[in-house]
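Each chain is listed here by its residues.
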Amino acid sequence: MAIISRGFIGRRPEVDPSRLPPGQYVAHDFPVLSAGPTPRISLDKWRFEMTGLIDAPRSWSWDEFNALPSETVTLDIHCVTKWSKLDTTWTGVSVDTLLEGVVTEATHIMASSYGGYTTNLPLADVMGGRAWVATAYDKQLLHPEHGGPARLLVPHLYFWKSAKWVRGIELLAQDQRGFWERNGYHDYGDPWREQRYWGD
Ligand SMILES: Nc1nc2c(c(=O)[nH]1)N[C@H]1C(S)=C(S)[C@@H](COP(=O)(O)O)O[C@H]1N2
Ligand SMILES: [Mo]
């Protein structure tokens, strides 16, 4: 007679604990976290703009943006509300590609979204193959609730830095706080150092 334990059958595949930042648990669904309603942006009006401290501002229409070289990457994301999602697959344009040839003295950026959300990051953190403007999740066009048409993707920082419905990046001469950063969230937001809130 075989004794089959429910615990054994029902168990999820083990997660390598070294992939989980302190205080995080693994989510198997894909939660939606939005501070306001989901903006609907028609693709013929959509643009991505690079402004601020830049020799010449840059701007792409949806078609121009989609003609840029893109990458498909699989990586882990970490939300400050403590869920992490492992091995998520995204397709998008590396911010390095968008910055190619830019001459700037900027040290920081502000990402802005359709709908008014903002979040700030050091310029260095969106360079070096660590940030994308993603237009697809799991090889499907990005669902509006998850930021479609396009969202910023900066997986090495807490997920509030990955602005959904992103409309542009402003290059800044010094740091400025974005929406959550003014409202109690940490300025930088490294999940491995648990930089969740002011003072962490
Ligand atoms: N424009 C915009 N971007 C946003 C948010 C938001 O409210 N508005 N929420 C942030 C937060 S707190 C998280 S955790 C993630 C959630 O992304 P998801 O809804 O695709 O899981 O988006 C981030 N980007
Ligand atoms: Mo979040």
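None of the values given here were measured: they were computed from a predicted structure.

J.: Just checking my understanding: could you explain the site of ligand 1 for this structure?
T.: Taken together, 19 residues are adjacent to ligand 1, and Pro31, Ala35, His146, Arg151 and Lys164 come closest. Here an oxygen atom of ligand 1 sits 2.9 Å away from a polar atom, N or O, in the main chain of Leu33. Within the side chain of Arg151, a nitrogen or oxygen atom sits 2.7 Å from an oxygen atom of ligand 1. The fraction of the free accessible surface of ligand 1 (530 Å²) that becomes covered by protein chains is 98%.

J.: So what exactly am I meant to see when it comes to unusual backbone geometry here?
T.: Comment: phi is negative for the bulk of residues other than glycine, and the bulk of peptide bonds are trans. The peptide bond linking Gly148 to Pro149 adopts the cis configuration, its omega dihedral lying at 10 degrees. Tracing the backbone through its elements, the reader meets Pro149 in the loop between strand 9 (140–141) and strand 10 (151–153). Notably, Lys82 is not glycine yet its phi reads approximately 95 degrees, a positive angle. Structurally, Lys82 is set in the loop between strand 4 (71–78) and strand 5 (83–94). For Lys82, a relative accessible area of 37% corresponds to the partly exposed category.

J.: Which parts of the structure should I look at to understand the pattern of salt bridges?
T.: If charged atoms from side chains of opposite charge come close, those side chains can pair. All told, the structure shown has seven salt bridges when counted by the stated rule. Lys161 is paired through a salt bridge with Glu181; the nearest N and O atoms lie 2.7 Å apart. Highlighted residues: Lys161 in the loop between strand 10 and strand 11 (166–172) and Glu181 in helix 4 (residues 179–182), separated in sequence by 20 residues. Residue Glu181 is classed as buried on the basis of its relative accessible area, which comes to 0%. Note that Asp190 and Arg193 form a salt bridge whose closest N and O atoms lie 3.0 Å from each other. With relative accessibility at 54%, the residue Arg193 sits in the exposed group. Several salt bridges converge on common partners, so that one network encompasses Arg19, Asp76 and Asp87.

J.: Hey, could you run me through the side chain of Ser61 in this one?
T.: Mapped onto the secondary structure, Ser61 falls in strand 3 (residues 58–61). Those residues in contact with Ser61, other than ones at most four positions away along the chain, are Trp46 and Arg47.

J.: When you look at the sheet that holds strand 3 in this model, what are you seeing that I'm missing?
T.: Sheet strands associate in pairs through backbone hydrogen bonding, adopting either a parallel or an antiparallel arrangement. Spatially, five strands are ordered 3-2-11-6-7 in an open sheet, and the strand pairing comes out mixed. Among the strands making up the open sheet, the edge pair consists of strand 3 and strand 7 (118–122). In this sheet, neighbouring strand axes are inclined to one another by 15 degrees on average, regardless of whether the strands run parallel or antiparallel. Relative to strand 11, strand 6 (residues 108–113) runs antiparallel, the two sharing six bridges. Looking at the pairing, His108 lines up with Leu172 of strand 11.

J.: Could you clarify how one ought to interpret the pairing of strand 2 (residues 47–52) in this entry?
T.: Taken residue by residue, a regular strand's side chains alternate between the two faces of the sheet. Relative to strand 3, strand 2 is paired through four bridges, and the arrangement is antiparallel. Paired with Arg47 across the strands is Ser61, a residue of strand 3. Hairpin connection, strand 2 to strand 3: the antiparallel pair is bridged by five residues. Judged from the four bridges that link them, strand 2 and strand 11 form a sheet pairing that is parallel. In the strand pairing of strand 11, Glu49 is matched with Gly168.

J.: Sorry if this is basic, but what is going on with the environment of Arg130 here?
T.: Mapped onto the elements, Arg130 comes out in the loop between strand 7 and strand 8 (132–137). C-alpha of Arg130 to C-alpha of Pro155: the two residues are 25 residues apart in sequence and 7.4 Å apart in space. Apart from the residues within four sequence positions on either side, Arg130 is in contact with Ala124, Asp125, Leu153, Val154, Pro155 and His156. Engagement of the side chain of Arg130 in a polar contact is seen with the backbone oxygen of Ala124, the distance being 3.3 Å. Within the structure, the side chain of Arg130 is placed 3.4 Å from the side chain of His156, a separation counted as a polar contact.

Reading guide: rules and limits
- Residues numbered from 1 in each chain as written.
- Chains lettered and ligands numbered in written order.
- Predicted model: local features only at pLDDT ≥ 70, side-chain atom pairs only at ≥ 80, totals over all residues.
- Heavy atoms only, no water.
- Near = heavy atom within 4 Å.
- Polar contact = N/O pair within 3.5 Å; in protein donor to acceptor, adjacent residues only side chain to side chain.
- Areas by Shrake-Rupley, 256 points an atom, 1.4 Å probe, with all protein chains shown as cover.
- Helix = DSSP H or I, 4+ residues; strand = E, 2+ residues; numbered from the N terminus.
- Buried < 20%, exposed > 50% of the residue type's maximum accessible area, 1.4 Å probe, protein only.
- Salt bridge = Lys/Arg side-chain N within 4 Å of Asp/Glu carboxyl O.
- Contact = heavy atoms within 4.5 Å.
- Pairing = 2+ DSSP bridges.
- Axes fitted to C-alpha atoms, helices over the stretch in contact; angles between N-to-C directions.

Everything listed is a geometric property; what it means functionally is a separate question.
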